[in-house]
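A structural walkthrough
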Amino acid sequence: MEQSLKINVIIKNKMYIINASLGDSLLHVLQDSRLNISSPCGGKGLCGKCKVIVKQGFVPPSSYDKVYFNKKQLASGWRLACTTHIHSSLTIDITNSHCKCNEDKDSFLLASSYDQALDTIPMMVSSLPMSKDLYGHNSVTQYINHELKGSYVYSLKALKALGHSIKATISTSQTLYVLHNSSTVFNVGTEPLTAYGIAIDIGTTTLAFTLVNLLNGNVIDSYACMNPQQRYGHDIISRIQYASKSDNHLSEISTVLKKSLLQAIQALTSTIPEDYIEKIILSGNTAMIQLLLAIDSTSLSYTPFTMVTQDTIVLPFHSLFGTSNCACTIYCLPALATYIGGDITAGLILTKMYESDKIQLLIDIGTNGEMVIGNKNKLICASTAAGPAFEGANIQCGAGAVPGAICSYAVDNGHAKISTIGNKPPIGICGTGIIDIVSVLLEQRILSNTGLLKIDKASEEMVVVDKNDDTTIGLTQKDIRELQLAKSAIRSGLEIIIEEMNCSYDDIESVYIAGGFGSKLHLNHAAHIGLLPEALEHKVKPIGNASLRGAQIYMLHPNSVDLKQLADKVCTIELSNHVRFNEYFMKYINF
C-alpha cells in the first residue's frame, strides 16, 4: 500500500494542504494540485525557476540545488522542486517562487490602445407568427424559408427545437422565434432567443477567453489562466518531444489542456444556459492546436518542419471534450505556415493588412518571433527561433508577464525606479524589464556595445533589487548574451522580410506589435538596444492580444475573409536557409 504523506504549502501567509506519495516529485505534486509553479525547462533542473523553501522536514540538497543556491540559502532550506523527491511530510513556502495559481486575468487579456471597432453582427432573431399559413406548406422549415424569404440550412439543434415546438397543437397566437444568419437557422423556440460565442487564445504560456453576445457583439465576460502544459516544458519543442514519446504521453498532454479549457468554458457559462453557445473559435500556434487535438506533432520538430494540415479544422463540441454540454461547433483558425500559426492569422484578421494599400508590418515577439509584412497585393511571413529570453526563461531572475514581474526600469538622479505588473512585490524580470535595464546600462556605459557587463567579477550579477529574504534580482553576463541572441534573431528576420518586400522603412505605414510584450514595451529602449529600427519607432501600434481579438472578429464575421485565399496569398521565407540571415545576425548581435 502506498504511503500517503502531507505537504503543507505556504503562499503569502495562506496554508494549503496537498497529498503526496512516497518518492513523488515535489514539482509534479504541486502542478497536479493546480499550484502551477513555473518550470520552463520542464522539470529537468536546467532553469532554476521552481524554487521553494523547505520549512519543516528534511530534504538533502541535490547537485542542481548547489548550482542555483549559495551556502546560506541552502542552509535556509532553498531547493528546486523538480529535483526534490518526497520521503516525508513537508512544510514548504512558495511565496517567492514564480507560482501561477492566482493570476490576475487582466494581465493575460492584454487590452491595448489599438481600438479597431467591430462591425455589427452576424446573427439575428426573427419572430414569425405561427398562423394557419403554416399548414399550407409541406414542412415547418418550408414555412420559415417562405416567411424569411430565403433557402436556409437548419442545424440539428434547430430541427430538434422545432420538433418540440410542434409536438402539441400550435396556437395561432403563438410566436416562433428564429435565430439565424444569412444562410443558416441555428435555433428556434417559442420564447425569445439569444446566442453566444466563445473566442479562445491558446497561448504557449497563457489561455485567454471572451464570451461574446452574437446578436450585438458585446463582450459579456472574460477569463484567463495559465496553460497547464507548461509542466512539460516552457517551449513548444519540449512539449512536442514529451508528446512524441508515446501515445499515452500525447493523450496526457492533450487531456490536461482540454480540462483547463472545459473548466474555463463552464465558468463563463455559469450564468447562462450552455445550450445558448453557438460557436467557439480557437486560435493558437500550430503546435498548440495539434497537441490539443492529440495529433502527433513530431514532424514540427525537425526539418522540413511539416504540419498536418493548413485548413480550418471544424469539429463538434462533444468530439473534442467528450461531453455534449454545449451543442455547438468549434472552429480552429488555420495556420499560414508551420510556425506561422492561427494566432498570426487572427492578427491579420484584426489588422486587415490584407486589405490595405499601404505596406504594414505585424510582429509577435516571443520564444518564436513571427512576423508578416505586406498589403493587399502581397504578404511575406517568417518565423525565427528567438529563444525564450523575452518571456523571462533562460534568464536567471527572469519571469513571465505575471503579477510581480519587473516590467519597466529607469534611473532618476542615481536612484533606480522599477514598476511591476499589478504593482506587486518584485519576483523577477519580464522581457520588457530586461530591455529597459539593458538600455539603461548601455547609456551608463556599464554595458559595452559588444554586450560585456562591466561589473565586479565576484558579484557576477548587476543587482536591480535587493529583497528582504537575502536574495537579489538582477542580470548576469549570461542573461545579457541570451538577450543578444534573441534580439538579433528578431531584428535579422525583420530586415530580411523588409528586403524581400523590396521596400524601405519609409514605405512602411504601421508596425503592429502583438501580445503583452508590445503593450508594455518602451519603444525608445527597444530601438536603443537594436531590437527595432529607430526609423520605425514612431510607427509602432501595440495591439494587445491579437490572437484573441482576431478570433473574436472572425466569430462575428466568418465571411469577411476567405482564409484559404489569405493563406494562398502569403509567401513564407525560411530564415534558416536564407543566404543573408547569418550576415544580418552577426551585424545585429551587438548593441
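For the structure, check the block above.
All of the points below concern the structure found in this document. Being a predicted model, the structure only gives us computed values, none of them experimental. (Residues numbered from 1 in each chain as written. Predicted model: local features only at pLDDT ≥ 70, side-chain atom pairs only at ≥ 80, totals over all residues. Heavy atoms only, no water.)

Within the protein chain, the regular secondary structure consists of 18 helices and 26 strands. Relative to a compact globule of 591 residues, whose C-alpha radius of gyration would be 25 Å, the protein chain shows 26 Å and is just as compact. Dimensions along the principal axes, computed over C-alpha positions, put the protein chain at roughly 95 × 70 × 45 Å. Expressed as a percentage of its 591 residues, the buried residues of the protein chain come to 57%. Contacts in the protein chain between residues at least 24 apart in sequence constitute 66% of all its contacts with a sequence separation of at least 6. Of the accessible surface of the protein chain, which amounts to about 25500 Å², a share of 49% is contributed by carbon and sulfur atoms. One way to put it: in the protein chain the 47 positive side-chain charges average out to a point 4 Å from where the 52 negative ones average out. (Helix = DSSP H or I, 4+ residues; strand = E, 2+ residues; numbered from the N terminus. Rg over C-alpha atoms; globule rule 2.2 N^0.38 Å. Buried < 20%, exposed > 50% of the residue type's maximum accessible area, 1.4 Å probe, protein only. Contact = heavy atoms within 4.5 Å. Areas by Shrake-Rupley, 256 points an atom, 1.4 Å probe, with all protein chains shown as cover. Lys, Arg positive; Asp, Glu negative; His and termini not counted. Charge placed at Lys NZ, Arg CZ, Asp CG, Glu CD.)

Looking at helix H5 (residues 140-148), one finds that the buried residues are Val140, Tyr143, Ile144, Asn145 and Leu148. Residues of H5 that are buried in the fold lie against strand S6 (124-129), strand S7 (153-154), helix H6 (156-165) and strand S8 (175-180). Looking one or two residues beyond H5, the residue adopting positive phi is Lys149, at roughly 55 degrees.

Looking now at the sheet that holds strand S17 (residues 368-374). If you walk across this open sheet you meet the six strands as S25-S24-S16-S17-S18-S26, and the pairing is mixed. What marks the edges here is a single partner per strand, and that holds for strand S25 (540-542) and strand S26 (570-573). Each strand of the sheet is rotated relative to its neighbour by a mean of 20 degrees, with strand direction disregarded. As judged from the five bridges shared by strand S16 (residues 359-364) and S17, these two strands associate in the antiparallel manner. Residue pairing across strands places Leu361 opposite Ile373, the latter belonging to S17. (Pairing = 2+ DSSP bridges. Axes fitted to C-alpha atoms, helices over the stretch in contact; angles between N-to-C directions.)

This next bit is on the pattern of salt bridges. Within the structure shown, the criterion is met by nine salt bridges. Here Asp311 ties to Lys564 by a salt bridge, and the two come within 3.9 Å at their closest N and O atoms. Residue Asp311 is located in the loop between helix H9 (286-292) and strand S14 (313-316), and its partner Lys564 is located in helix H17 (residues 563-569); the two are separated by 253 residues in the primary sequence. Between Glu482 and Lys478 there is a salt bridge; the shortest N-O distance is 3.4 Å. Taken as a pair, Glu482 and Lys478 lie in helix H13 (residues 477-500) at a separation of four residues, close to a single helical turn. (Salt bridge = Lys/Arg side-chain N within 4 Å of Asp/Glu carboxyl O.)

The next subject is the packing of helix H7 (residues 236-243) against helix H8 (residues 247-268). Interaxial distance between H7 and H8 falls to 7 Å at its minimum, and their mutual angle equals 130 degrees. Taken together, the axis directions place H7 and H8 in an arrangement best described as oblique. Between H7 and H8, the contacting residues are Arg239, Tyr242 and Ala243 on the first element and His249, Leu250, Glu252 and Ile253 on the second. Here the residues of the contact of H7 with H8 sort into four nonpolar, one polar and two charged. (Parallel < 35°, antiparallel > 145°, perpendicular 65-115°, else oblique. Nonpolar A, V, L, I, M, F, W, Y, C, P; charged D, E, K, R; others polar.)

Glancing now at the pairing of strand S1 (residues 4-11). Note: S1 against strand S2 (residues 14-21), eight bridges, orientation antiparallel. Bridge assignment links Leu5 to a residue of S2, and that residue is Ala20. Where S1 hands over to S2, the hairpin turn is made up of two residues, of which Lys12 adopts a positive phi near 50 degrees. Sheet topology places S1 next to strand S5 (residues 90-93); four bridges connect them, and they run parallel. Bridging across to S5, Ile7 finds its partner in Leu90.

Note on placement: Ser510 falls in strand S24 (residues 508-514). According to the relative accessible area criterion, Ser510 is buried, its value standing at 2%. A distance of 3.4 Å separates the side chain of Ser510 from the side chain of Lys541, its partner in a polar contact. Setting aside residues up to four positions removed in sequence, Ser510 forms contacts with Ile359, Gln360, Leu361, Lys539 and Lys541. (Polar contact = N/O pair within 3.5 Å; in protein donor to acceptor, adjacent residues only side chain to side chain.)

With that settled, consider helix H16 (residues 546-556). Most of H16 is tucked away, with ten of its eleven residues classed as buried. Turning to H16, its buried residues are Ala546, Ser547, Leu548, Gly550, Ala551, Gln552, Ile553, Tyr554, Met555 and Leu556.

To continue, consider the nonpolar core. Grouped together as the largest cluster of nonpolar side chains are 60 residues, with contacts concentrated most on Leu361, Ile373, Phe390, Val438, Ile508, Leu531 and Leu532. With nine residues, H13 is the largest single contributor of residues to this core. Ranked by size, the runner-up nonpolar core spans 43 residues in total, among them Leu211, Ile236, Leu257 and Leu300. (Core = buried A, V, L, I, M, F, W, Y, C linked by side-chain atoms within 4.5 Å.)

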